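# Close look at the chain arrangement
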Amino acid sequence: MTSQALQVDIWFDLLCPWCLIGKRHVERARELLAQRQPDLCVELRWHGVQLLPDVPTGGVLFREFYAHRL
């Protein structure tokens, strides 16, 4: 039986808590898939992206940020 490959591209923001949760789910799914299909090679390619590129480097006050955002 020949080995198969699956490439998964993932975009994430290092500061985003939802991205961290998603990362954990992807890693767990990869583990489960490896158990069920050990001949399948899964390659994860991580790409960093800034979700809010307009936020200044020094940041903004929490209340001000959410008042503007919502």
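What you see is a predicted model, and the numbers here were worked out from it, not measured in a lab.

### Quick look at the layout of surface pockets
Put simply, the largest pocket is a space of about 380 Å³. As for the largest pocket, its lining consists of 15 residues, of which Asp13, Leu15, Leu52, Val55 and Phe65 are closest to the centre. Broken down by class, the residue content of the lining of the largest pocket amounts to eleven nonpolar, two polar and two charged. The computed volume of the second largest pocket comes to approximately 170 Å³.

### A few points about the pattern of salt bridges
Following the criterion strictly, the structure yields three salt bridges and no others. A salt bridge links Glu27 to Lys23, with the shortest nitrogen-to-oxygen separation between them at 2.4 Å. Linking Glu27 with Lys23, this pair stays in helix 1 (residues 17-36), spanning four residues, or about one helical turn. Taking relative accessible area as the criterion, Lys23 reaches 32% and is therefore assigned partly exposed. One salt bridge in this structure joins Glu31 and Arg28, with 3.2 Å as the shortest N-O distance. Of this pair, Glu31 and Arg28 are both found in helix 1, three residues apart, which corresponds to roughly one turn of the helix. We classify Arg28 as partly exposed; its relative accessible area is 42%.

### What to know about the environment of Leu61
Its location among the elements puts Leu61 in the loop between strand 2 (40-48) and helix 2 (62-69). By relative accessible area, Leu61 is classed as exposed at 61%.

Cut-offs applied
Residues numbered from 1 in each chain as written. Predicted model: local features only at pLDDT ≥ 70, side-chain atom pairs only at ≥ 80, totals over all residues. Heavy atoms only, no water. 1 Å grid on protein atoms, 1.4 Å probe; cavity = no way out; pocket = protein on both sides within 12 Å on 5 of 7 lines; lining within 4 Å. Points joined across faces, edges and corners; volume = space filled by probe spheres on them. Nonpolar A, V, L, I, M, F, W, Y, C, P; charged D, E, K, R; others polar. Salt bridge = Lys/Arg side-chain N within 4 Å of Asp/Glu carboxyl O. Helix = DSSP H or I, 4+ residues; strand = E, 2+ residues; numbered from the N terminus. Buried < 20%, exposed > 50% of the residue type's maximum accessible area, 1.4 Å probe, protein only.

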